[in-house]
Amino acid sequence: MADDPVIRVHGLVNRFGAQTIHDGVDLEVERGEVIGIVGGSGTGKSVLLRTIVGLNHPAAGSIEVLGRDMLHASDDERREVEQRWGVLFQDGALFSSLTVAQNIEVPIKEHLNMPLRLMDEIAATKVGLVRLPESAADKFPSQLSGGMRKRAGLARALALDPEILFLDEPTAGLDPIAAADFDQLIRDLQGSLGLTVVVVTHDLDSLFAICDRVAVLVDKRLKVDTLAHHLQDDHPWIHAYFHGPRGRAAMAAETRREGAGAAPGSH
Amino acid sequence: MAPAATLFAADDPDAVILQADGDWLVATATALDCELRALNLPQGRHVTVDLGRVERLDTAGAWLVLRTEHALEVRGNRVEIANLRPNLKPLLEQVRVTGHVEPLPHPVPPHHTLAGFVARIGEITVRVMHRGYMILGFFGMVSITLARLLAHPSRLRRTATLVQMERTGLDAMPITGLLVFLIGVVIAYQGADQLRRFGAEIYNVNLLGVGVLRELGVLMASIVIAGRSGSAFTAEIGTMTVNEEIDALRTLGLDPIEVLVLPRLLGLVLTLPLLVFFVDLMGILGGALMCWAALDITPQMFLNQLQSAVSGWTMWIGVIKAPFFAAIIAMVGCYEGFNVTRSAESVGRLTTQSVVEAIFLVIVADAAFSIAFSVLGI
């Protein structure tokens, strides 16, 4: 049971009108790993993510999450799985009429019968967990910066302590420092909460910083491999992606970082 | 299946042991919370929180452990957390580092007190006055731009103005026409019922003529246009504000008032009177058909009576009001569009507000016209 993949996508086909976006996508995500999905603009990275979480119905293929066939599950079964994952949308997708704390409490209120005081305490814990200042809890989304909204969205995604976390472009629109902080936060939480993370990203730095494996969407299919293997790949797009100027810079930064991190330990 | 989360307090003279068991998860947190609160925490003792039998722990469970630890420490106990499984340790540390010990209390809504109620009335009054002041300012700004346009008529955006005339006037003809036609039918029918008692059925024509031509035609058309076009103005300009298109116009050296407001204002001011004339005809037509069907007043008789009942002025009074109402609707619609902040939510809120304000102001203006006309003796 423990060795079964958490997410298993097989032969997924997505079409919009006459246009085929995905043609036989396969993906297996193991428990506790961080997997990054990359691909050019318009290759359907976000569509893939939306399909896995059930916001988009595929034309063909199968999706299994936590051992359950999501495309043929009953509503109750789906809901049961949905409580065990959290999704962070691109701009947080916070409910604009609710404060941050109330946003975090929405899933708790819906799924658990919990006293108000305890719910407030748990919401405050989540606010701290994503490193938002305490004062942010009573603010409305419109009063927060983009980075804070993302953190608040992450706090809501973590409200029910899910096993799987889906992130859609978590660092897009953040400045490099905030993006690096966010990467670190995801890595920390993944370590301490034992999360399985699926992250769609454009950001090479965060790819190098947080992902165990990388799934590249090319030719309407996924190529899943470790970064090291992708770097050897001679597919023209994959090569251009990882060996372009930005790819090289991100790789160099990562090597430097690892070198600095490894130095004290090697003594 | 792991046993349900439980807590067991073993009391011996030297040390207190809190023995935790089972899953400490968000799903079991409610029961654990009850138990923990019911626990009569000792004072000034050494307490061991034994987590050895906790199988699973999540942030909610970790928070409960840390809250208990904190509560015990506050009461002067020495607390030790023991036997936590090594794989759960990082989680507890993470929550300890970042968790807030005391959550923020929910703020009490201020308007639940009497003082808050009075303050709210004051606040709203000030806001309404400020809003009136701002609309007046906007009106001034548009007037200046309009004056500049009159000096250089070639700067008028003809295509945009024509498009607005089509959208606000031509496209609105079926709906407004049908509506006023039905109003004519209803008035004729109700009037017939009342006037028949006095044998004065023929005066139904007077009621209809004066009612539709002077008031109902222009009011109904304005209300429908406020809902149809005023809201569209707010939504269009509001969406552009959200997309920073207004800012883009400014940086390109274009005046948003000239580009966006004047075509809408001129388009509506030119078309609403025409639309009012059209709906007047439809209203009379509806009334005439009803009179024919219910009162046996033939179209010939109807026209004769109408000629004696109304003068040319009766219709003009209705049509004259139309450009003023059109200006109110266009101004309010555009003004609220510029008021949109950069959130999609404010587009919806201000669109609703613009329709309510426009209809309110149109009816106020209509009342003012009535008074003015009666003073003038028209």
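Residues numbered from 1 in each chain as written. Chains lettered and ligands numbered in written order. Predicted model: local features only at pLDDT ≥ 70, side-chain atom pairs only at ≥ 80, totals over all residues.

Another point: the overall build of chain A. When you go through chain A residue by residue, the secondary structure sums to ten helices and ten strands. Taken over the C-alpha trace, chain A has a radius of gyration of 19 Å; the compact-globule value for 267 residues is 18 Å, and the two agree within 12%. Along the three orthogonal principal directions, the C-alpha set of chain A runs to about 55 × 50 × 35 Å. Of all 267 residues assigned to chain A, the portion counted as buried reaches 43%. In chain A, 66% of the contacts between residues at least 6 apart in sequence involve partners at least 24 apart. (Helix = DSSP H or I, 4+ residues; strand = E, 2+ residues; numbered from the N terminus. Rg over C-alpha atoms; globule rule 2.2 N^0.38 Å. Buried ≥ 20, exposed ≤ 12 C-beta atoms within 10 Å, placed from the backbone. Contact = placed C-beta atoms within 7 Å.)

Here we come to the overall build of chain B. A count of helical and extended segments in chain B gives twelve helices and four strands. Relative to the 2.2 N^0.38 estimate, which gives 21 Å for 378 residues, the radius of gyration of chain B is 36 Å and therefore markedly larger than a compact globule would have. Projected onto its principal axes, the C-alpha positions of chain B cover 110 × 65 × 45 Å. Of all intrachain contacts in chain B linking residues separated by at least 6 positions in sequence, the fraction that spans at least 24 positions is 83%.

Moving on, we come to the sheet that holds strand 10 (residues 221-226) of chain A. All names here are of chain A. Taken together, the six strands give an open sheet; going across it, the order is 6-7-8-3-9-10, and neighbouring strands pair in mixed fashion. The sheet terminates laterally at strand 6 (85-88) and strand 10, the two strands that pair on one side only. On average, adjacent strands in this sheet sit at an angle of 15° to one another, irrespective of strand direction. As paired elements, strand 3 (residues 34-39) and strand 8 (residues 196-200) share four bridges and run parallel to each other. Bridged to Ile 35 within strand 8 is Val 198. Of the strands in this sheet, strand 6 and strand 7 (164-168) are in contact with helix 5 (residues 146-157), which crosses strand 6 at around 165°. (Pairing = 2+ DSSP bridges. Axes fitted to C-alpha atoms, helices over the stretch in contact; angles between N-to-C directions.)

Interfaces are often sized by the amount of accessible area the parts lose when they come together. Counting from both sides, the interface comprises 26 residues of chain A and, opposite them, 24 residues of chain B. Of all the secondary structure elements, the ones that give two or more residues to the side of chain A that touches chain B are helix 4 (116-129) and helix 6 (176-193) of chain A. Examining the composition of the side of chain A that touches chain B, we find that ten residues originate from one element, helix 4 of chain A, more than from any other. Grouping the amino acids of the side of chain A that touches chain B by side-chain chemistry returns eleven nonpolar, seven polar and eight charged. (Nonpolar A, V, L, I, M, F, W, Y, C, P; charged D, E, K, R; others polar.)

For the rest of this paragraph, the subject is the sheet that holds strand 4 (residues 60-65) of chain A. Residue and element names in this part refer to chain A. Spatial ordering of the open sheet is given by 2-1-4-5, a layout of four strands whose pairing is antiparallel. The strands lining the two open edges of the sheet, one partner per strand, are strand 2 (19-29) and strand 5 (68-69). Two strands pair when backbone bridges link them, and strand 4 and strand 5 are joined in this way by two bridges, in the antiparallel orientation. Across the sheet, residue Glu 64 finds its bridge partner in strand 5, namely Asp 69. The strands touched by helix 1 (residues 45-52) within the sheet are strand 1 (7-16), strand 2 and strand 4, with strand 1 carrying the most contacts at an inclination of about 120°.

On average, residues of chain A carry a pLDDT of 84, and 95% of them reach 70 or more. Note that pLDDT drops below 50 for residues 262-267 of chain A; the model gives that stretch zero contacts with residues more than four away or on any other chain. (pLDDT = per-residue confidence, 0-100.)

Turning to the environment of Lys 109 of chain A, a few remarks are in order. By secondary structure assignment, the location of Lys 109 of chain A is in helix 3 (residues 100-111). Distance from Lys 109 of chain A to Met 119 of chain A, taken between C-alpha atoms, is 8.2 Å for residues ten residues apart in sequence.

In this section: the nonpolar core. With 95 residues, the main nonpolar core has Val 127, Ala 155, Phe 166 and Val 198 of chain A as its most contacted residues. Once residues lying within four places of it in the same chain are set aside, the contact partners of Val 198 of chain A are Ile 7, Val 29, Ile 35, Ile 37, Leu 49, Ile 164 and Phe 166 of chain A. Judged by nonpolar contacts, the second largest core, of 53 residues, contains Ala 172, Leu 213, Ile 225 and Met 331 of chain B. (Core = buried A, V, L, I, M, F, W, Y, C linked by C-beta atoms within 7 Å.)

Residue and element names in this part refer to chain A. Where helix 1 is concerned, the buried positions are Lys 45, Leu 48, Leu 49, Thr 51 and Ile 52. All buried residues of helix 1 lie within an arc of 160° about the axis, which places them on one face of the element. Positive backbone phi, approximately 85°, marks Gly 54, located one or two places after helix 1. (Arc of directions from axis to C-beta.)

Residue and element names in this part refer to chain B. One can describe the packing of helix 7 (residues 204-242) onto helix 9 (residues 256-295) by two numbers: an axis separation of 7 Å at closest approach and a directional angle of 145°. Note on packing geometry: the crossing formed by helix 7 with helix 9 is right-handed. Across the contact of helix 7 with helix 9, the residue classes tally to 20 nonpolar, six polar and two charged. (Left-handed = near helix turned anticlockwise from the far one by under 90°.)

With that settled, the discussion passes to the pairing of strand 10 of chain A. Residues and elements named next belong to chain A. As paired elements, strand 9 (residues 213-218) and strand 10 share six bridges and run antiparallel to each other. Bridging from a neighbouring strand, Arg 213 pairs with Thr 226 of strand 10. Hairpin connection between strand 9 and strand 10: a loop of two residues separates the two successive antiparallel strands, and Asp 219 in this loop has a positive phi of roughly 50°.

As a further point, take the packing of helix 4 of chain A against helix 2 (residues 59-74) of chain B. Across the interface, helix 4 of chain A lies against helix 2 of chain B with an axial gap of 10 Å and an inter-helix angle of 105°. Put simply, helix 4 of chain A runs roughly perpendicular to helix 2 of chain B. For the pair helix 4 of chain A and helix 2 of chain B, the contacting residues are Glu 121, Ile 122, Thr 125, Lys 126 and Leu 129 of chain A in the first and Thr 59, Ala 60, Trp 63 and Arg 67 of chain B in the second. (Parallel < 35°, antiparallel > 145°, perpendicular 65-115°, else oblique.)

Residue and element names in this part refer to chain A. Despite not being glycine, Ala 93 has its phi angle at roughly 50°, a positive value. As for its placement among the helices and strands, Ala 93 is situated in the loop between strand 6 and helix 3. The exposure class of Ala 93 is partly exposed, given the 16 C-beta atoms found within 10 Å. For Asp 219, which is not glycine, the phi dihedral falls at a positive 50°. With respect to the secondary-structure elements, Asp 219 resides in the loop between strand 9 and strand 10.

As a further point, take the pairing of strand 6 of chain A. The side chains of a regular strand alternate, first on one face of the sheet and then on the other. All names here are of chain A. Neither face of strand 6 is left uncovered, since the one carrying Trp 85 and Val 87 and the one carrying Gly 86 and Leu 88 both have all their residues buried. Across four bridges, strand 6 lies against strand 7 in parallel orientation. Among the inter-strand pairings, Trp 85 is bridged to a residue of strand 7, identified as Ile 164.

The next thing to look at is helix 7 of chain B. Of all the bends in helix 7 of chain B, the greatest, near 55°, is centred on Val 212 of chain B. A positive phi of about 65° marks Glu 244 of chain B, the residue just after helix 7 of chain B. (Bend = angle between axes of the 7 residues up to and from the residue.)

So, on to the confidence of the model for chain B. Residues at a pLDDT of 70 or more form 93% of chain B, whose mean pLDDT is 87. Note on the complex model: pTM 0.72, ipTM 0.74.

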